[in-house]
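Read off the chains here:
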Amino acid sequence: MRMITVQEQEAGQRLTKLLGSRLGGASTGFLYKMLRKKNITLNGKKADGSERLQAGDEIRIFLSKETYEKFASREEEEHFPEAHLDIIYEDAQILIVNKPAGMLSQKSFPRDVSLNEYVLGYLVHSGQWSPGEQAFRPSVCSRLDRNTSGLVVCGKTLPALQRMAELLRSRELKKYYLCLVSGRVEEARRLEGWLKKDASSNRVEIFTEEQDGALPIVTEFEPLNVTERATLLKVHLITGRPHQIRAHLASIGHPVIGDAKYGDKERNDSFRRELGIKRQLLHAWRIEFPAMEQPFDQLSGKSFEADLPHDFLKAMQAEMGTCRI
């Protein structure tokens, strides 16, 4: 007999999902059969598999050692890399990390190492998570493009991932960015439109009228510092579509400086040549949480900011004579 005690990080998922992660070689039909025959029980009672698990629940599996080992998941040995993470905030539920430019938020290919792997490595090496003992896997909740720096929220528990996803979907979690754009922007604006992604080219197109396959977008911004050649913008990202800020601003003639995909090549070449700027000057600067219930009440009404990286500050000083927001 094997017994699994549900951990806090695993709470909230269905019994069949946890069983599937622990007995990855078994078919769904086999698991349901074992539940019907009470060869798998929950807290000593018969279960049908749809039960939502709570921390401390006990799952007993009455299978022979040979059968259990036959079906048990055998994941390839994983490497959980250690790295110095710029952790802005941490509690029992979430991490907020200041991601550097050049780092993926999540893997694009199996060989990639992303912020997600570094977060797992941090949790493994600090003794907060063990992949061999828990079916749940912590993960980033929000994503940034590889060459965008700034705040990324990561869930340490399943309830945290679910709650953060709700906040992002409902737009209750407010997200503010700073970016340096070409040209003078003298007034605050609210831009509305539609965005359509071309997966084959990994580019998006912006429309002012509704189009088939396009999603509605809303971007608000206000200028913080203005010169003849450039403007520092504070952007409130209302909807969070791929490449939204970069493409939306480029569509009105104010591309983000350093943006190779949607930007001004001549301007980008100038910044690269004179200042060594090799990426878009876009930074996820601030997030604001709404009123929150337990176990997230410690986040209620709080806001967090990430300092601008060196290359961004260097460009601001060269263009505007200041490094201050």
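Residues numbered from 1 in each chain as written. Predicted model: local features only at pLDDT ≥ 70, side-chain atom pairs only at ≥ 80, totals over all residues. Heavy atoms only, no water.

## Examining the environment of G155
To keep things clear, this is the line we draw: For helices the rule is a DSSP run of H or I covering at least 4 residues; for strands it is a run of E covering at least 2, with both sets numbered from the N terminus onward. Each residue's exposure class comes from its accessible area (1.4 Å probe, protein chains only) as a fraction of the maximum for that residue type: buried when under 20%, exposed when over 50%, partly exposed otherwise. Here, residues are in contact when the closest pair of their heavy atoms is within 4.5 Å.
Tracing the backbone shows G155 in strand 8 (residues 149-155). The buried category is assigned to G155, whose relative accessible area is 2%. Residue contacts for G155: discarding those within four places in its chain leaves Q93, F136, P138, S139, C141, A160 and L161.

## So, the packing of aromatic side chains
Put simply, the rule is: Here a pair means two rings of Phe, Tyr or Trp (six-membered ring of Trp) with centres within 6.5 Å. Their orientation is stacked below 30 degrees between planes, edge-to-face above 60, and tilted elsewhere.
Scanning the model with the defined rule gives four aromatic pairs in all. When the ring of F30 is compared with that of F71, the centres are 4.7 Å apart and the planes differ by 45°; the resulting orientation is tilted. Remark: F71 occurs in helix 3 (residues 65-71) and F30 occurs in helix 2 (residues 28-36); sequence separation between them is 41 residues. Under the relative-accessibility criterion, F71 is labelled buried at 12%. Ring centres 5.6 Å apart and planes at 85° place the aromatic pair F80 and W129 in the edge-to-face group.

## Regarding helix 7 (residues 265-275)
We count it as follows: The directions from the helix axis to the C-beta atoms form the arc being described. Each polar contact in these results corresponds to two N or O atoms within 3.5 Å; when the atoms are within protein, one needs to be able to donate a hydrogen and the other to accept it, and residues that are neighboring in sequence are counted only if both atoms are side-chain atoms.
Buried residues of helix 7: R267, N268, S270, F271 and L275, and no others. Projected down its long axis, helix 7 shows its buried positions confined to an angular sector of 160°, all on one face. Residues K265, E266 and R273 are exposed on helix 7 and point more than 90 degrees away from its buried face. Of the surrounding elements, those touching the buried residues of helix 7 are strand 9 (174-182), strand 13 (230-237) and helix 8 (310-320). At the N-terminal boundary of helix 7, the capping side chain belongs to D264, with an oxygen 3.0 Å from the backbone nitrogen of E266. Downstream of helix 7 by one or two residues, G276 has phi in the positive range, about 75°.

## What to know about the side chain of D91
What counts is decided by this rule: Charge assignment in this entry is limited to Lys and Arg as positive and Asp and Glu as negative, and neither His nor the chain termini are counted. Here a salt bridge means any side-chain nitrogen of Lys or Arg lying within 4 Å of a carboxyl oxygen belonging to Asp or Glu.
Inspection of the secondary structure puts D91 in the loop between strand 5 (87-90) and strand 6 (94-99). In this structure D91 is buried but unpaired, with K156 as the nearest side chain of opposite charge at 5.9 Å. Here the side chain of D91 touches Q93 through a polar contact of 2.7 Å, landing on its backbone nitrogen. A polar contact is formed between the side chain of D91 and the side chain of Q298, at a distance of 2.7 Å. Once you skip the residues sitting within four places of it in the chain, D91 turns out to touch K156, Q298 and L299.

## A word on the environment of K314
Its place among the elements puts K314 in helix 8. Using a relative accessible area of 36% as the deciding quantity, one classes K314 as partly exposed.

## Points about the pairing of strand 12 (residues 215-226)
Put simply, the rule is: Strands were regarded as paired on the criterion that DSSP finds at least two bridges between them.
Pairing of strand 10 (residues 189-198) with strand 12, which is carried by seven bridges, proceeds in the antiparallel orientation. Within strand 12, the residue paired with R190 across the bridge is E220. Counted along the chain from strand 12 to the antiparallel partner strand 13, the turn is three residues long.

## Describing the pairing of strand 13
In terms of burial, strand 13 is a largely internal element, seven of the eight residues being buried. Of the strand pairs in this sheet, strand 9 and strand 13 are connected by seven bridges, and their pairing is antiparallel. Bridged to Y176 within strand 13 is H236. Both strand 12 and strand 13 contribute to a ladder of seven bridges, which runs antiparallel. Counted as the bridge partner of T219 is L237 from strand 13.

## Some remarks on the packing of helix 1 (residues 15-22) against helix 2
Cut-off, in case you're wondering: Comment: axis = line fitted to C-alpha atoms, over the contacting stretch for helices; angle = value between 0 and 180 degrees taken between N-to-C directions. Each angle gets one of four labels, with under 35 degrees taken as roughly parallel, over 145 as roughly antiparallel, 65 to 115 as roughly perpendicular, and the rest as oblique. In a left-handed crossing the near helix is turned counterclockwise from the far helix by less than a right angle, and in a right-handed crossing that turn is clockwise.
The geometry of helix 1 relative to helix 2 is characterised by a closest axis approach of 11 Å and an angle of 120° between their N-to-C directions. Taken together, helix 1 and helix 2 sit at an angle that is classed as oblique. Helix-helix and strand crossings are classified by hand; for helix 1 and helix 2 the assignment is right-handed. In this structure, helix 1 contributes L15, T16, L19 and G20 to the contact, and helix 2 contributes L31, Y32 and L35.

## Thoughts on the sheet that holds strand 3 (residues 45-46)
Backbone-to-backbone hydrogen bonds join strands into a sheet, with any given pair of strands oriented parallel or antiparallel. Here we have four strands laid out as an open sheet, ordered 1-4-2-3, and antiparallel in their pairing. Lying at the two open borders of the sheet, with one neighbouring strand each, are strand 1 (2-5) and strand 3. When strand 2 (residues 40-42) meets strand 4 (residues 58-61), the two strands line up antiparallel, connected through three bridges. The residue of strand 4 that forms the bridge with L42 is I59. Across the sheet, helix 1 lies against strand 1, strand 2 and strand 4, angled at about 50° from strand 4, the strand it touches most.

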